[in-house]
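# Understanding the architecture of this molecule
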Amino acid sequence: MIGLQNVKLSERDMLHKCNATNRVILRAAATFMAVIELINIIRVLFLTDSKLGTLNNRIYFAFYVAYLLCGLLFLLIDFHWKTGIKERNRLYMIYSSFILFWHTFFNMYDIYSAGAAGANFTSTTIVTAFFGFASLLAFKPLFSLLHMGISYVIFTVFLGYTANYGAAVNFSIMAFLCMVIYIVKYKHICVEVYQEQMLKKAKRKLRDFDRNSSAALDEVDLIRQKMGYVTFEWNIAEDMVYFSKEVSDYFHFPETIPNFNKNLKEITTFDEEDKKNLFDCMEHVKQGINFQKLELCLPIATGEKRWFELRVIAQKDEKGTPVFATGI
């Protein structure tokens with residue numbers, strides 16, 4: 001449905017993402033509607049002649065009080081209840097469900113009271129509730145689509161029963177569009193969570209790689225300091241070799257040699273067999289061989305030739321691809 005069928009999204013990351021969105025929307029909605037319903041309650045009690053003397057006013061008053069109390073209770077729990085992300089998600093689901101079905105039944109009674117002539121006008125609040133539920137809130141498809149579907153069936157059956165067929169058609173079109181909007185929004189949330197997961201994974205692997213590489217280099221550096229050996233690092237991608245400062249004790253080499261393959265081919269003081277052994281060693285590093293040891297007869301700064309032992313360790317990235325070679 002969302003193009004990520006083979007991707008396993010973390011439930012915890014999904015809930016964190018959804019809760020962050022729902023928290024802002026539901027707190028704002030509860031605060032705003034508490035003010036509106038308080039005004040409605042005052043209007044019924046003090047600004048109408050019949051006050052609670054009629055059944056119609058008492059029913060409207062009950063709707064207003066229920067919405068006000070539930071909104072205040074939600075705000076109280078949400079601000080002061082310390083709990084886990086799953087429990088918080090359930091709280092948001094319960095309050096969202098209450099909002100949707102409150103508007104469903106409120107509009108049913110509103111249409112019933114107004115008659116057929118007021119059906120299109122009085123159904124405005126349920127359209128707003130549907131649109132907000134689909135486009136602003138973030139829940140799993142089973143919850144969201146099921147609740148919108150149940151609300152849609154209840155409301156359209158009622159419209160058909162009261163012979164408001166035009167309103168039923170208009171409401172059906174709106175409900176379908178809201179469900180499409182929800183699916184697009186949920187897909188976008190899944191993509192965002194997937195990208196965040198991949199970014200976290202890449203950062204974690206990079207930290208692990210840096211830690212392992214740093215540990216290996218520290219170990220080589222410790223050996224160099226204790227024994228006076230020459231250490232080196234070969235950057236495979238850049239074909240750059242970095243020697244420790246001890247290289248000047250034995251050779252005329254600079255501490256940094258770019259284009260190492262090319263420079264090695266052009267060295268005339270090395271025996272061809274030693275060159276071949278060095279090129280084979282470099283090729284083995286690229287193939288992923290972890291450790292190699294060679295014996296080479298190399299010319300030193302005085303012009304003499306001496307035997308050296310070369311030890312090389314391949315350093316790999318998170319995919320197992322060799323990226324450096326370090327050694328003494």
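Quantities reported herein were computed from a predicted structural model and do not represent experimental measurements.

Turning to the nonpolar core, a few remarks are in order. For soluble globular proteins, nonpolar side chains are generally found buried alongside one another. Counting 49 residues, the largest nonpolar core has Leu-26, Phe-74, Tyr-95, Phe-130, Phe-155, Leu-159 and Phe-171 as its most contacted members. Elements represented by at least two residues in this core include exactly α1 (11-46), α2 (55-80), α3 (85-114), α5 (124-135), α6 (141-161) and α7 (165-227). Among residues more than four places away in sequence, those in contact with Leu-26 are Phe-74, Tyr-92, Tyr-95, Ser-96, Ile-99 and Leu-137. Judged by nonpolar contacts, the second largest core, of 24 residues, contains Trp-234, Phe-251, Ile-300 and Ala-325.

Turning next to the packing of aromatic side chains. How two aromatic rings sit relative to each other is set out by the distance from centre to centre and by the angle between their planes. Taken as a whole and assessed by the stated rule, the structure comprises 28 aromatic pairs. Plain terms: the ring middles of Tyr-60 and Tyr-64 are 6.2 Å apart, the flat faces sit at 25° to each other, and that makes the pair stacked. One end of the pair is Tyr-60 and the other is Tyr-64, both in helix α2 and 4 residues apart, which spans about a single turn. Accessibility expressed as a relative area gives 11% for Tyr-60, which makes it buried. Where Tyr-64 meets Phe-106, the ring centres are 6.2 Å apart and the plane angle is 45°; that geometry is what we call tilted. Taken together, the residues Tyr-64 in helix α2 and Phe-106 in helix α3 connect sequence positions 42 residues apart. As far as burial versus exposure is concerned, Tyr-64 and Phe-106 are alike and both buried. Put simply, the rings of Tyr-60, Phe-63, Tyr-64, Tyr-67, Phe-74, Tyr-92, Tyr-95, Phe-98, Trp-102, Phe-106, Tyr-109 and Tyr-112 pair up and form one aromatic cluster.

Put simply, α1 and α3 touch, their axes get as near as 9 Å, and they point 40° apart. One finds that α1 runs oblique with respect to α3. The crossing of α1 and α3 is left-handed. Within the contact between the two elements, α1 uses Glu-11, Arg-12, Leu-15, His-16, Asn-19, Asn-22, Arg-23, Leu-26, Ala-30 and Glu-37 and α3 uses Ile-85, Lys-86, Arg-88, Asn-89, Tyr-92, Tyr-95, Ser-96, Ile-99 and Trp-102. Residue composition of the contact of α1 with α3, grouped by class: 8 nonpolar, 5 polar and 6 charged.

This brings us to the pairing of strand β6 (residues 322-327). Pairing between strand β1 (residues 232-235) and β6: 4 bridges, direction antiparallel. Within the sheet, the bridge partner assigned to Asn-235 lies in β6 and is Phe-324. Here strand β5 (residues 305-316) runs beside β6; their pairing, made up of 5 bridges, is antiparallel. Across the sheet, Val-312 pairs through a bridge with Gly-327, a residue of β6. Linking two consecutive strands that pair antiparallel, namely β5 and β6, is a turn of 5 residues; a positive phi of about 85° is found at Gly-320 within it.

The next subject is the sheet that holds β6. Hydrogen bonds between backbone groups are what pair the strands of a sheet, and the pairing can be parallel or antiparallel. The strand order across the open sheet formed by 6 strands is β3-β2-β1-β6-β5-β4, and the pairing between neighbours is antiparallel. Looking at the sheet topology across the chains shown, the edges are occupied by β3 (256-257) and β4 (291-299). Packed onto the sheet, helix α9 (residues 272-287) meets β1, β4, β5 and β6 and runs at close to 155° relative to β4.

Between α3 and α5, whose axes approach to 8 Å, the crossing angle comes to 160°. Here α3 lies roughly antiparallel to α5, going by the angle between them. In this structure, α3 meets α5 at a crossing whose hand is left-handed. Facing α3, whose interface residues are Ser-96, Leu-100, His-103, Thr-104, Phe-106 and Asn-107, α5 presents Thr-124, Thr-125, Ile-126, Ala-129, Phe-130 and Phe-133.

Here is what the cut-offs are and how they apply
Residues numbered from 1 in each chain as written. Predicted model: local features only at pLDDT ≥ 70, side-chain atom pairs only at ≥ 80, totals over all residues. Heavy atoms only, no water. Core = buried A, V, L, I, M, F, W, Y, C linked by side-chain atoms within 4.5 Å. Buried < 20%, exposed > 50% of the residue type's maximum accessible area, 1.4 Å probe, protein only. Helix = DSSP H or I, 4+ residues; strand = E, 2+ residues; numbered from the N terminus. Contact = heavy atoms within 4.5 Å. Phe/Tyr/Trp six-rings, centres within 6.5 Å; stacked < 30°, edge-to-face > 60°. Axes fitted to C-alpha atoms, helices over the stretch in contact; angles between N-to-C directions. Parallel < 35°, antiparallel > 145°, perpendicular 65-115°, else oblique. Left-handed = near helix turned anticlockwise from the far one by under 90°. Nonpolar A, V, L, I, M, F, W, Y, C, P; charged D, E, K, R; others polar. Pairing = 2+ DSSP bridges.

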